[in-house]
Amino acid sequence: MSNTALDETMKQIETEINGNPEPIKGMDLVYQFEIDGGVYQLHLKDGAAKVKADAAAAPNCTLIMSYENFNKFLAGKLNGMTAFMTGKLKIQGDMTKALKLEGIVKEYQMEI
């Protein structure tokens with residue numbers, strides 16, 4: 001996995017969400033993703049998504065997983081709770097925010 005592939009994936013997430021902001025209306029959350037050494041934050045605020053390639057803001061929830069599992073998660077092919085229970089996903093911070101993210105992802109079903 002190259003950082004370029006992860007960069008493209010994160011840009012696609014931002015584009016997809018901003019193209020249909022209804023599922024994130026009213027949210028003010030920061031999700032941090034630690035994927036194979038890369039750190040990205042997804043800021044959801046005022047019905048808009050912004051991806052940043054850093055850990056500058058304090059996240060509500062951090063998800064740690066491999067790039068392969070991240071892609072499966074985005075495509076709806078990896079259940080977050082099952083991944084957590086089997087060690088494919090580590091969560092730091094507010095677990096309820098992680099569950100909320102899974103609901104958001106289901107609204108988009110991104111094929112990466």
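The preceding data block contains the structure.
A brief report on the enclosed structure follows. (Residues numbered from 1 in each chain as written. Predicted model: local features only at pLDDT ≥ 70, side-chain atom pairs only at ≥ 80, totals over all residues. Heavy atoms only, no water.)

Hydrogen bonding along the main chain pairs the strands of a sheet, whether they run parallel or antiparallel. Pairing within the open sheet is mixed, and its five strands lie in the order 3-2-1-4-5. Pairing within the sheet leaves two strands with one partner each, and these edge strands are strand 3 (48-52) and strand 5 (89-93). Taking the axes of each pair of neighbouring strands and ignoring which way they run, one obtains an average angle of 20° across the sheet. Direction of pairing for strand 4 (residues 61-65) relative to strand 5: antiparallel, over a ladder of five bridges. Its bridge partner being in strand 5, Cys61 is matched across the sheet by Gly93. Sitting on the sheet, helix 1 (residues 3-19) is in contact with strand 1 (28-35), strand 2 (38-45) and strand 3, with an inclination near 5° to strand 2. Relative to the sheet, helix 2 (residues 67-74) contacts strand 1 and strand 4, its axis offset from that of strand 4 by approximately 120°. (Pairing = 2+ DSSP bridges. Helix = DSSP H or I, 4+ residues; strand = E, 2+ residues; numbered from the N terminus. Axes fitted to C-alpha atoms, helices over the stretch in contact; angles between N-to-C directions. Contact = heavy atoms within 4.5 Å.)

Another point: the environment of Ala53. Note on placement: Ala53 falls in the loop between strand 3 and strand 4. Residue classification places Ala53 among the exposed residues on the basis of a relative accessible area of 61%. C-alpha of Ala53 to C-alpha of Met81: the two residues are 28 residues apart in sequence and 26 Å apart in space. (Buried < 20%, exposed > 50% of the residue type's maximum accessible area, 1.4 Å probe, protein only.)

Moving on: the environment of Lys52. Mapped onto the elements, Lys52 comes out in strand 3. Its relative accessible area of 36% is what places Lys52 among the partly exposed residues. When the C-alpha positions of Lys52 and Ile91 are compared, they lie 19 Å apart, and in sequence the two are 39 residues distant.

With that settled, the discussion passes to a nonpolar patch on the surface. Nonpolar side chains collect at one region of the surface, where Met81, Met85, Met95 and Leu99 lie side by side and expose about 380 Å² of accessible area between them. Put simply, the parts of the chain that give the nonpolar patch at least two residues each are helix 3 (80-85) and helix 4 (95-108). Structurally, Met81 is set in helix 3. (Patch = residues over 30% accessible without salt bridge, like charges linked within 9 Å, V, L, I, M, F, W, Y side chains within 5 Å. Areas by Shrake-Rupley, 256 points an atom, 1.4 Å probe, with all protein chains shown as cover. Salt bridge = Lys/Arg side-chain N within 4 Å of Asp/Glu carboxyl O.)

Looking now at the packing of helix 1 against helix 2. Contact pair helix 1 / helix 2: the axes reach a minimum separation of 12 Å and the direction vectors enclose 20°. Here helix 1 is positioned roughly parallel relative to helix 2, judged by the angle of their axes. The hand of the helix 1/helix 2 crossing is left-handed. Each of Ala5, Leu6, Thr9, Met10 and Ile13 in helix 1 lies in contact with helix 2, whose residues at this interface are Tyr67, Phe70, Asn71 and Leu74. For the contact of helix 1 with helix 2, the per-class residue count stands at seven nonpolar, two polar and no charged. (Parallel < 35°, antiparallel > 145°, perpendicular 65-115°, else oblique. Left-handed = near helix turned anticlockwise from the far one by under 90°. Nonpolar A, V, L, I, M, F, W, Y, C, P; charged D, E, K, R; others polar.)

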